[in-house]
Amino acid sequence: MAGRLDGKVAILTGSAGTLGAGTAKLLAGEGARLVLNDIAPRVHELADEIMAADGEAVAHVGDVGKEDDVGAMVALAMDRYGRLDGLWNNAGPVSNDFVFKDSHILDMSLDYFVETFRGHVGAAFLCSKTAIPAMIRSGGGSIVNTSSSAAFAGDIVLHAYSVAKMGMITLAQSIATAYGPDNIRCNAVAPGLVPGRSSGVMAEAAIKVVQDSQMLARAGEPIDIGNAVLFMLSDESRWFTGQVMAVDGGLTGHQPTLATRRGMSGGGMQEGG
């Protein structure tokens, strides 16, 4: 049975993380030939694991915030596979030490704010700018930017992160608009809380509050995000562009009073006239 990505070549940035590794295995299982980028050398182990499972992948260790590294990454895809059909902009500064600084606006330096924006949006811009010409030569392609449910509303923490993740959405829409005539699609996926990805910087009590506010009771899993990325990179989404898909268990699809009103009789509606 043919895979949903048979014949396609895709670059995945931030491949060694929780979302990246799970999605890479999923895409490889659907027939994609992958260039797996990460700043961490352990991405080689992921490529080896995929190859051992009869998939096709090559590792690229590099910083997607550096133009030379990004150029080498795209060149690797073209030299090894001869084409480029997909790009998942998933890399960004999300280590605990970095994210812990994103707490109080009055204590935040401009340098940190700019570094956060550059690490997410700047890297996605640079990767897309470099990949698009290769995609055009290949007859078109699909780009997916990783945003976040944090992009849709204000919060008491993660201010720089939220702004950057909204930038990932607008960047996707801009690319989709500018390069649609070249058969380039660009969309964004906005994950909600996925334990193992988000829980490192959140207290258990805060995680419970988020999960209580979801429409669906269970926690998110990397495969939930991977399935959305798979759809966006496949031909199944060939008329789907300039959009953002929230994959968050329904966290952002309801009124903010949901968690409290769930415990009220009739959802808080008053009986009678």
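Throughout what follows, the structure given in this document is the object of discussion. Starting afresh in each chain, residues are numbered from 1 along the sequence in its written order. Residues qualify for local features only when their pLDDT is at least 70, as the model is predicted, and side-chain atom pairs are given and counted only at 80 or more; totals for whole chains, interfaces and linings, by contrast, use all residues. Side-chain measures were taken over the full set of non-hydrogen atoms in the model, leaving aside hydrogen atoms and water.

**Digging into the pairing of strand E6 (residues 184-191)**
Residues in a regular strand project their side chains so that they alternate between the two faces of the sheet.
Okay, so step 1: Partly exposed residues are those whose accessible area sits between 20% and 50% of the maximum for their type, while under 20% is buried and over 50% is exposed, using a 1.4 Å probe and protein chains only. We count a stretch as a helix when DSSP gives it H or I for four or more residues in a row; a strand needs E for two or more, and each element gets its number in order from the N terminus. Summarising burial for E6: eight of the eight residues are buried, a large majority.
Okay, so step 2: Burial of the side chains of E6 extends over both faces: Ile184, Cys186, Ala188 and Ala190 are buried on one face and Arg185, Asn187, Val189 and Pro191 on the other.
Okay, so step 3: Pairing between two strands requires that DSSP report at least two bridges joining them. Looking at chain direction, strand E5 (residues 141-146) and E6 are connected through six bridges and run parallel. By the bridge assignment for E6, isoleucine 143 is matched with cysteine 186.
Okay, so step 4: After leaving E5, the chain enters helix H6 (residues 159-179) and then returns to the sheet as E6, a path that is right-handed.
Okay, so step 5: For E6 and strand E7 (residues 244-247), the ladder comprises four bridges, and the chain directions are parallel. From the neighbouring strand, proline 191 faces E7, where its bridge partner is valine 247. Looking down the strands as they point away from you, a crossover is right-handed if its path from the first strand over the helix to the second goes clockwise.

**Focus on the side chain of asparagine 89**
Okay, so step 1: Inspection of the secondary structure puts asparagine 89 in strand E4 (residues 86-89).
Okay, so step 2: Within the local environment of asparagine 89, its side chain forms a polar contact with the side chain of serine 128, the two groups lying 3.0 Å apart. Whenever two N or O atoms come within 3.5 Å, that pair is a polar contact, provided that in protein one can donate a hydrogen and the other can accept it, and provided that, for residues adjacent in sequence, both atoms are side-chain atoms.

**A word on the packing of aromatic side chains**
Okay, so step 1: Only the six-membered ring of Trp is used, alongside the rings of Phe and Tyr, when aromatic pairs are assigned; centres must lie within 6.5 Å, and planes under 30 degrees apart are stacked while those over 60 apart are edge-to-face, with the rest tilted. A complete count under the given rule lists two aromatic pairs for this structure.
Okay, so step 2: The interplanar angle of 65° and the centroid separation of 5.5 Å between the aromatic rings of phenylalanine 231 and phenylalanine 240 together place this pair among those described as edge-to-face.

**Overview of the packing of helix H1 (residues 18-29) against helix H2 (residues 43-52)**
Okay, so step 1: At a minimum axis separation of 10 Å, H1 and H2 run at an interaxial angle of 25°. Relative to H2, the element H1 is oriented roughly parallel. Regarding H1 and H2, the two cross each other, and that crossing is right-handed. Across the interface between the two elements, Ala21, Ala24, Lys25 and Ala28 of H1 pack against Leu46, Glu49 and Ile50 of H2.
Okay, so step 2: Only Asp, Glu, Lys and Arg are considered charged, only Ala, Val, Leu, Ile, Met, Phe, Trp, Tyr, Cys and Pro nonpolar, and every remaining residue, Gly among them, polar. Here the residues of the contact of H1 with H2 are counted per class, giving five nonpolar, no polar and two charged. Axes here refer to lines fitted to C-alpha atoms; in helices the fit is confined to the stretch in contact. Angles between the N-to-C directions go from 0 to 180 degrees. Working rule for angles: under 35 degrees goes down as roughly parallel, over 145 as roughly antiparallel, 65 to 115 as roughly perpendicular, anything else as oblique. For a crossing to be left-handed, the near helix must be turned anticlockwise from the far one by less than a right angle; the clockwise case is right-handed. Contacts were defined at the residue level, with two residues in contact if any of their heavy atoms lie within 4.5 Å.

**With respect to the state of the cysteines**
Okay, so step 1: Two cysteine sulfurs form a disulfide in these notes if their separation is within 2.5 Å. By the definition in use, this model includes zero disulfides.
Okay, so step 2: No disulfide involves cysteine 127; its sulfur sits 12 Å from the nearest other cysteine sulfur, which is in cysteine 186.
Okay, so step 3: When its relative accessible area of 1% is taken as the criterion, cysteine 127 is described as buried.
Okay, so step 4: The class for cysteine 186 is buried, based on a relative accessible area of 0%.

**What to know about helix H8 (residues 222-233)**
Okay, so step 1: Here the expected span of a helix is defined as 1.5 Å times the quantity of residues minus one. Along its 12 residues, H8 runs 17 Å from first to last C-alpha, staying within 8% of the 16 Å computed at 1.5 Å per residue.
Okay, so step 2: Those residues of H8 not exposed but buried are Ile225, Gly226, Ala228, Val229, Leu230, Met232 and Leu233.
Okay, so step 3: Against H1, E4, E5, E6 and E7 lie the buried residues of H8.

**A look at the sheet that holds strand E1 (residues 9-12)**
Okay, so step 1: Read from one edge to the other, the open sheet built from seven strands follows the order E3-E2-E1-E4-E5-E6-E7, with strand pairing classed as parallel. In the strand order of this sheet, the two ends are held by strand E3 (56-61) and E7, each with one partner. Each strand axis lies, on average, 15° off the axis of its neighbour in the sheet, ignoring direction.
Okay, so step 2: Two elements, strand E2 (residues 33-38) and E3, share six bridges in a ladder whose sense is parallel.

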